Amino acid sequence: MKSAVETLNPTRVRLTVEVPFEELKASLDAAYKKINQQVTVKGFRKGKIPARVIDQRFGRGAVLEEAVNDALPKLYTEAVNEAEVNPLGQPEVDITELKDGELLAFTAEVDIRPAIEIPDFSGIEVTVDAVEVTDEDVEKSVEQLRGRFASTSPVERAAAEGDVVTIDLEAKVDGEVLPDGVATGVQYTIGSDELLEGIDEAVTGLEAGGEATFTSTLKGGSAEGKEAEVTVKVTQVAARELPELDDEFAQMASEFDTLDELKADSRKRLENMKQYDQATQAQERVLDELLKLVEVPIPEKLLEDEINTRKHNLEHHQLGQMGLTLEKYLELQGKTVEEFDAETEEQAVKGIKTQFILDELVSKEKLNVNQDELTEHLMRRAASSGMSPDQFAQAVVEGNQVPMLVGEVARGKALALVVESAKVVDTNGEPVVMDDDEDETAEAAESSEAKAEEQTEA
């Protein structure tokens, strides 16, 4: 076999391959055998039809077509390896010559990973939010905990903010009650902003037995997005009673003996959360700076496929689960189709660039992924997907997604390497030392890299 490679542009090549006919013997034998099993000829047992009879009855052309289809994948792979290119996606194959007994010639055009030069990135500098936990932050955290231990008791007075009211609702559109527009016995905390716009004003001041009508845009259901006339009737008003903030509350709501210990723990937890957010922010901003340093040609077909995949996932999975159409989503976002398309393309380009650059770093730095790192990543992915580790692992294996997970971990390690060499300061001008915990550092890096590429798999 002879092959040659022609560079069409930085992301696409054409392979030209010539194969002497004798190299197709194995595929020709396989073609005769396959046809033998599929056809019957009077006077011959199934599978025992001579080649000359098959040629006479069904045509030599059918045999050649079957043989070429069998041989092409292997011949293409050999040509790719010989040319030392990294193909992306499926090739466009064109049979240019097929002379029975003499020669098979074909061309294969395919997108490839572009050659990338990673420059010195040690000069990257980014600024991130400072980790600051105020007394107000601690008080708010404790108040949220306090709210979870609140009790309610019915009262005979008008409803006020913070009260829990039990209500019946009826929604009409164009004077007709909606099939799914009636609800009874709904409990609602006034001021929580968890139901319809305008309901707080409608129920405030009503006693049990009182009702009011207001107009609101429906957030879901069969008439989502339409303006409805909503009648609300209060059947009960209950005052919300919070426990006293004292040592007894601390003992009831936590493992601590005193309120001061509870507050100290809340402060520590808030600091940890903000440190994690800071680390993630550092990863994202370092990645943005890295992307600015490297020129990456983007294969057109790969970009087109990535854009279509993102649109499909949004429209048929994310929005579908929310009961929204793409048109309604854009309306709620205040975006035009053109703006949405431009944003999607920008995100797709960033995702592809991110993967190409980090994969190049993985190769350049010879970064490997061990079993413990892969297991840790799998556990995190399982938790975020709402599946058990065993269920997630089974889905990964069945879907042949193990290489994808390995790639995610490796790219996370590559980004962590860049962050380690960058200068990171907070908004107070103080140097930020990234956490030495390898698991936490890798998790933040993987989170940032995944956010940028949104699971782009080239």
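Residues numbered from 1 in each chain as written. Predicted model: local features only at pLDDT ≥ 70, side-chain atom pairs only at ≥ 80, totals over all residues. Heavy atoms only, no water.

A word on the packing of helix 7 (residues 259-293) against helix 13 (residues 402-421)
Taken N-terminus to C-terminus, the directions of helix 7 and helix 13 make an angle of 90°; their axes are 10 Å apart at the nearest point. Of the possible angle classes, the one that applies to helix 7 and helix 13 is roughly perpendicular. For the pair helix 7 and helix 13, contact is made by Gln283, Val286, Leu287 and Leu290 and by Leu415, Ala416, Val418 and Val419, respectively. Residue classes in the contact of helix 7 with helix 13 are distributed as seven nonpolar, one polar and no charged. (Axes fitted to C-alpha atoms, helices over the stretch in contact; angles between N-to-C directions. Helix = DSSP H or I, 4+ residues; strand = E, 2+ residues; numbered from the N terminus. Parallel < 35°, antiparallel > 145°, perpendicular 65-115°, else oblique. Contact = heavy atoms within 4.5 Å. Nonpolar A, V, L, I, M, F, W, Y, C, P; charged D, E, K, R; others polar.)

Some details on the packing of aromatic side chains
Counting across every chain of the model gives one aromatic pair. For the ring pair Phe149 and Phe249, a centre distance of 6.1 Å and an interplane angle of 90° mean the geometry is edge-to-face. A residue pair is termed long-range when its members are at least 10 positions apart, and Phe149 in the loop between helix 4 (135-148) and strand 6 (151-154) and Phe249 in helix 6 (residues 247-253) qualify at 100 residues. Classification of Phe149 as partly exposed rests on a relative accessible area of 33%. (Phe/Tyr/Trp six-rings, centres within 6.5 Å; stacked < 30°, edge-to-face > 60°. Buried < 20%, exposed > 50% of the residue type's maximum accessible area, 1.4 Å probe, protein only.)

Some words on the pattern of salt bridges
Under the definition given, this model contains 28 salt bridges. A salt bridge links Asp305 to Lys301; the nearest nitrogen and oxygen atoms lie 3.0 Å apart. Note that Asp305 and Lys301 are positioned in helix 8 (residues 300-322) at a spacing of four residues, about one turn of the helix. On the accessibility criterion, Asp305 (33% relative accessible area) is partly exposed. Owing to a relative accessible area of 43%, Lys301 belongs among the partly exposed residues under this scheme. One continuous salt-bridge network, built from bridges that share partners, spans Glu6, Arg12, Arg14, Glu92, Glu109 and Asp111. (Salt bridge = Lys/Arg side-chain N within 4 Å of Asp/Glu carboxyl O.)

A few points about the nonpolar core
Ile124, Leu290 and Leu361 are the most contacted members of the largest nonpolar core, which has 34 residues in total. Of all the secondary-structure elements, those providing two or more residues to this core are strand 5 (125-128), helix 7, helix 8, helix 10 (337-365) and helix 13. Tallying contributions element by element places helix 10 first for this core, with seven residues. Those residues in contact with Leu290 that sit more than four places away from it in its chain are Phe121, Ile124, Ile357, Leu358, Leu361 and Val418. With 31 residues, the next largest nonpolar core counts Val19, Tyr32, Leu75 and Ala108 among its residues. (Core = buried A, V, L, I, M, F, W, Y, C linked by side-chain atoms within 4.5 Å.)

Brief notes about the UniProt feature "domain: PPIase FKBP-type" (unreviewed entry) in the protein chain
According to UniProt, the "domain: PPIase FKBP-type" (unreviewed entry) feature falls on residues 162-215. With 9% helix and 54% strand, the stretch residues 162-215 has end C-alpha atoms that lie 22 Å from each other. (UniProt positions renumbered as here; feature names shortened; annotations may be inferred.)

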